[in-house]
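Next come the chains, spelled out residue by residue.
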Amino acid sequence: MRVPILKQGDYVIASIQSALTDEDLIQLRDGLASHVGKHRSKGVIVDVTVLDVMDSFATRTIRDLAQVVRLRGAKTVIVGIQPEVAFAMVQLGLELGEVATALDLEEALELLRHGPK
Amino acid sequence: MDLNRTNQAIPVIHDTDIVEARAAARSLASRVGFTETDLVLIASAVSEIARNIVEYTKGGEVILSVIHNHSRLGLQVIARDQGPGIGDLSLAMKDGYSTSRSLGLGLPGSRRLMDEFRVESAIGSGTTVTMRKWLA
């Protein structure tokens, strides 16, 4: 399963379409990191709306991705964590650290353009 | 399908099997009648314990079954492997303890997601995790 990566101006949007294996997650992380490097993107949006599980590996991989992107001078926003998934993550003790989150794509783009309100 | 006779075993060897195991658990739990929130909690717990099998052993299996307690229905998940076993169980149940580079939240985290949780393990003879969730 490959996650489509779309370039939109200074930003890059990865829209997850179905459940991801660990290998898929690693490919997504590396693909986005290299995209940001090549195109000098200013921001990365990862849409996780369809994910019904964000376990420890997914959380760690997304945190790693955000860290790589940050070192390249860009920002990452995670979009669409479902309420039930958020609850499970809290119960599991999983944290996204300093990774920004938004409810939808519009809010994520706003966050990247103008920073947090 | 007769839920009472459902006893599903999913081999867990590769990372792709983690996705299989949690999808199967979700699907069976959904037939039992769990809420959407519970389905996510169950799938997340199964993901973590299946991940332990992939991460620390050469392979194992996740066995799903529907259970009864008087008129109450529930889902039982057994994850077992013939791996190295866990040396110090009380340490392994602590948040943040890990012998790999994982976050060390798998066992204690899964316990918080389920209603009942038991780990049996012996060095050299593998680990069996049994967890249950009951319909509210």
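Residues numbered from 1 in each chain as written. Chains lettered and ligands numbered in written order. Predicted model: local features only at pLDDT ≥ 70, side-chain atom pairs only at ≥ 80, totals over all residues.

A. Spatial organisation of the overall build of chain B. Along chain B, the regular secondary structure elements total 4 helices and 5 strands. When the helices and strands of chain B are placed in sequence order, the string is β-α-α-β-β-α-α-β-β. Taking 136 residues into account, the globule formula puts the C-alpha radius of gyration at 14 Å, and chain B, at 14 Å, falls close to it. The dimensions of chain B, computed from C-alpha atoms along their principal axes, are 40 × 25 × 25 Å. Split into buried and exposed, the 136 residues of chain B put 38% on the buried side. (Helix = DSSP H or I, 4+ residues; strand = E, 2+ residues; numbered from the N terminus. Rg over C-alpha atoms; globule rule 2.2 N^0.38 Å. Buried ≥ 20, exposed ≤ 12 C-beta atoms within 10 Å, placed from the backbone.)

B. View of the overall build of chain A. Along chain A, the regular secondary structure elements total 4 helices and 5 strands. Sequence-ordered secondary structure for chain A, helices as α and strands as β, is β-β-α-β-α-β-α-β-α. Radius of gyration (C-alpha) of chain A: 13 Å, near the 13 Å computed for a compact globule of 117 residues. Over its C-alpha atoms, taken along the principal directions, chain A stretches across nearly 35 × 35 × 25 Å.

C. A look at the pairing of strand β1 (residues 5-8) of chain A. Residues and elements named next belong to chain A. Bridge analysis of β1 against strand β2 (residues 11-15) gives 4 bridges, and the strand direction is antiparallel. Following the sheet pairing, Q8 is matched in β2 by Y11. Hairpin connection between β1 and β2: a loop of 2 residues separates the two successive antiparallel strands, and G9 in this loop has a positive phi of roughly 60°. (Pairing = 2+ DSSP bridges.)

D. Molecular detail of the interface of chain B and chain A. With 22 residues of chain B at the contact, the number on the chain A side is 18 residues. Only α1 (15-32), α2 (36-56) and α4 (106-113) of chain B provide two or more residues apiece to the side of chain B that touches chain A. Grouping the constituent residues of the side of chain B that touches chain A by class yields 8 nonpolar, 7 polar and 7 charged. (Contact = placed C-beta atoms within 7 Å. Nonpolar A, V, L, I, M, F, W, Y, C, P; charged D, E, K, R; others polar.)

E. Up close: the environment of B:A9. All names here are of chain B. Here A9 lies in strand β1 (residues 7-12). C-beta crowding within 10 Å serves as the criterion here: with 13 such atoms nearby, A9 is assigned to the partly exposed category. Note: C-alpha distance between A9 and I63 (54 residues apart in sequence) is 4.3 Å. Not counting chain neighbours up to four residues away, the residues in contact with A9 comprise E61 and I63.

F. View of the pairing of strand β4 (residues 75-79) of chain A. All names here are of chain A. Among the 5 residues that make up β4, 5 are buried, leaving the element largely enclosed by the rest of the structure. Here β4 shows a buried face lined by K75, V77 and V79 and a second buried face lined by T76 and I78. The sheet contact formed by strand β3 (residues 43-47) and β4 spans 5 bridges and is parallel. Note that in β4 the partner of I45 across the bridge is V77. You can see the chain leave β3, run along helix α2 (residues 56-71) and come back into β4, and the turn it takes is right-handed. The pairing of β4 with strand β5 (residues 100-102) spans 3 bridges and is parallel. Bridge pairing in β5 places I78 opposite T101. The parallel pair β4 and β5, bridged by helix α3 (residues 83-92), forms a crossover whose chirality is right-handed. (Right-handed = clockwise from strand over helix to strand, strands pointing away.)

G. Summary view of the sheet that holds strand β2 (residues 60-69) of chain B. Residue and element names in this part refer to chain B. Read from one edge of the open sheet, 5 strands run β1-β2-β3-β5-β4, paired in antiparallel fashion. The strands lining the two open edges of the sheet, one partner per strand, are β1 and β4 (116-122). The sheet shows a mean angle of 15° between the axes of neighbouring strands, taken without regard to direction. As paired elements, β4 and strand β5 (residues 126-134) share 7 bridges and run antiparallel to each other. Within β5, the position partnered with S121 by the bridge is T127. (Axes fitted to C-alpha atoms, helices over the stretch in contact; angles between N-to-C directions.)

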